[in-house]
Amino acid sequence: MSGPGAPSMKDVAARAGVSLGTVSNVLNRPELVSERTRKRVQAAIDALGFVRNESARQLRGGSSRTVAYVVFDAANPFFTDVAAGAQDATDAAGLALFLCNSGADRERQAAYLDLLEQQRVEGVLITPVDPADPRLVALSRRGTPVVVVDRGAGPQHCSVTVDDVLGGDLAATHLLDLGHRRIGFVGGPRGIGQVADRISGAERALARAGAGPLTVLETEKLDIAEGRRAGARFAGLPSARRPTAAFCANDLLALGLLQQLVQLGLRVPDDVGIVGYDDIEFAAAAAVPLTSVAQPRHRLGRTAAELLLAEARGGGGHVHQQVVFAPELVVRASTGVRRIASTVA
């Protein structure tokens, strides 16, 4: 062998008694090599434990057989469900899907985008910190297709998202129909587009019903711990103006809110009705099963990956598409049954 490291193609050629070109043909164009020689080369490969450097081969060819999904928050099951849908499409295309977690950090996102371009991935799916980030446009212009997931994008990219304004409207309308007139919103920061859209939808529903205003308890993040902190603030509001129901920006916040309110002695849904967003698996499994606005998570990911592959392999005739799905309300025990409007202050 040539040295203490991993066996090389030269080592395989020497053991099989063939040229380096013959080994290359066996690996890349086996139909050009006789069956007897192929078997001899394969026996040498097996004996040496040779593993081809697939990434180097692909990079020499111009691109790797990989696609990346830069997720906004890998701790949120919503994004892993979206990634599973994307993987269905990439598996069918014979590609590997890599996940990169930006953690809502702009600098980390930028570092991942630079690295993925260097690795010459076939394309990038991304739920961006900022959909207007000029890096996304620059990446596309330099030849790496980009599809924005769970957020709308301009005509320069394909995008796949859900109508979050409608989702906010559905949640608030459901609570209004149950007799609630003091409704709170838990979530933030407002600078996150999905949060702003869900607030807008809820405010639209309240205005249409002549109710409101929406009481907003802004959070720093969209996780269970922030939901618990919001629960403590929520319970601390004077009872005369405390909302009788809460719409949360996602299910993680809603689960944290539910836990904290119950711990503090408030009953869900008798004292406070709660609606989440995303309808992750844990929503139905909560101690009080959670009413939630469902997004088609797998379909989001699969559709985004299909658009990305169509752009990457479609040549110059690709036309960007902005796909928008409609959310659906899934009603469970956390909002209870219709209340008598006269009992609501």
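Everything that follows concerns the structure shown earlier in this document.
Residues numbered from 1 in each chain as written. Predicted model: local features only at pLDDT ≥ 70, side-chain atom pairs only at ≥ 80, totals over all residues. Heavy atoms only, no water.

A. Expanded view of the nonpolar core. By size, the foremost hydrophobic cluster in this structure holds 71 residues, and its most contacted members are Tyr-69, Leu-125, Phe-247, Leu-257, Leu-261 and Ile-274. Counting residues per element, this core draws most heavily on helix α11 (residues 251-263), at seven residues. Beyond its immediate stretch of four places on either side in the chain, Leu-125 contacts Val-67, Ala-68, Tyr-69, Val-70, Ala-86, Val-147, Val-149, Ala-304, Ala-305 and Leu-308. Counting 12 residues, the second-largest nonpolar core is a separate cluster that includes Val-12, Ala-13, Val-18 and Val-26. (Core = buried A, V, L, I, M, F, W, Y, C linked by side-chain atoms within 4.5 Å. Buried < 20%, exposed > 50% of the residue type's maximum accessible area, 1.4 Å probe, protein only. Helix = DSSP H or I, 4+ residues; strand = E, 2+ residues; numbered from the N terminus. Contact = heavy atoms within 4.5 Å.)

B. Looking closely at the environment of Lys-39. By the element assignment, Lys-39 lies in helix α3 (residues 35-48). For the pair Lys-39 and Val-51, spaced 12 residues apart in sequence, the C-alpha to C-alpha distance is 16 Å.

C. Seen up close, the pattern of salt bridges. Counted under the stated rule, the structure contains 15 salt bridges. Put simply, Arg-297 and Asp-81 hold a salt bridge, and the shortest N to O gap is 2.7 Å. Pair noted here: Arg-297 is in helix α13 (residues 297-313) and Asp-81 is in helix α5 (residues 77-92), with a separation of 216 residues, a long-range link. Its relative accessible area of 16% is what places Arg-297 among the buried residues. Of the residues examined, Asp-81 reaches a relative accessible area of 17% and is grouped as buried. Residues Asp-271 and Arg-267 are paired through a salt bridge, measuring 3.1 Å at the closest nitrogen-oxygen approach. Owing to a relative accessible area of 49%, Arg-267 belongs among the partly exposed residues under this scheme. Each of Asp-169, Arg-204 and Arg-208 takes part in salt bridges that share partners, so that together they form one network. (Salt bridge = Lys/Arg side-chain N within 4 Å of Asp/Glu carboxyl O.)

D. Up close: the sheet that holds strand β9 (residues 273-278). A sheet is described by the order of its strands in space; here six strands give the open sequence β7-β6-β8-β9-β10-β12, paired in mixed fashion. Lying at the two open borders of the sheet, with one neighbouring strand each, are β7 (215-217) and β12 (328-330). When strand polarity is set aside, the average angle formed by the axes of neighbouring strands in this sheet is 20°. Each of β6 (183-186), β8 (245-248), β9 and β10 (291-294) is contacted by α11, which is oriented at about 155° to β9, the strand it contacts most. (Pairing = 2+ DSSP bridges. Axes fitted to C-alpha atoms, helices over the stretch in contact; angles between N-to-C directions.)

E. Representation of unusual backbone geometry. Cis geometry marks the peptide bond from Gly-188 to Pro-189, where omega comes out at 0°. Between Val-268 and the following residue, Pro-269, the backbone shows a cis peptide bond with an omega angle of 15°. Tracing the backbone through its elements, the reader meets Pro-269 in the loop between α11 and β9. Not every positive phi belongs to a glycine, and Asp-150 is a case in point at roughly 65°. With respect to the helices, strands and loops of the structure, Asp-150 is situated in the loop between β4 (146-149) and β5 (158-162). The buried category is assigned to Asp-150, whose relative accessible area is 3%. We note that Asp-278 has phi near 115°; this positive angle belongs to a residue other than glycine. Structurally, Asp-278 is set in strand β9. By relative accessible area, which is 3% here, Asp-278 ends up buried.

F. Layout of the packing of α5 against α13. Packing of α5 against α13 brings their axes to within 6 Å, and their N-to-C directions diverge by 45°. With respect to their mutual orientation, α5 and α13 come out oblique. Handedness of the α5/α13 crossing: right-handed. Two secondary-structure elements touch here, α5 through Phe-78, Asp-81, Val-82, Ala-84, Gly-85, Ala-86, Ala-89 and Thr-90 and α13 through Arg-297, His-298, Leu-300, Gly-301, Arg-302, Ala-305, Glu-306 and Leu-309. Classifying every residue of the contact of α5 with α13 gives eight nonpolar, four polar and four charged. (Parallel < 35°, antiparallel > 145°, perpendicular 65-115°, else oblique. Left-handed = near helix turned anticlockwise from the far one by under 90°. Nonpolar A, V, L, I, M, F, W, Y, C, P; charged D, E, K, R; others polar.)

G. Focus on the side chain of Thr-335. In this fold, Thr-335 is placed in the segment after β12. The buried category is assigned to Thr-335, whose relative accessible area is 3%. From its side chain, Thr-335 meets the backbone oxygen of Arg-332 in a polar contact 3.4 Å long. Non-local contacts of Thr-335, meaning those with residues more than four positions away in its chain, are made with His-174, Leu-175, Leu-178, Pro-269, Gly-273, Ile-274, Val-275 and Thr-291. (Polar contact = N/O pair within 3.5 Å; in protein donor to acceptor, adjacent residues only side chain to side chain.)

H. Representation of the environment of Gly-273 in the model. The residue Gly-273 is located in strand β9 in this model. A C-alpha to C-alpha distance of 40 Å links Gly-273 and Leu-308, two positions 35 residues apart in sequence.

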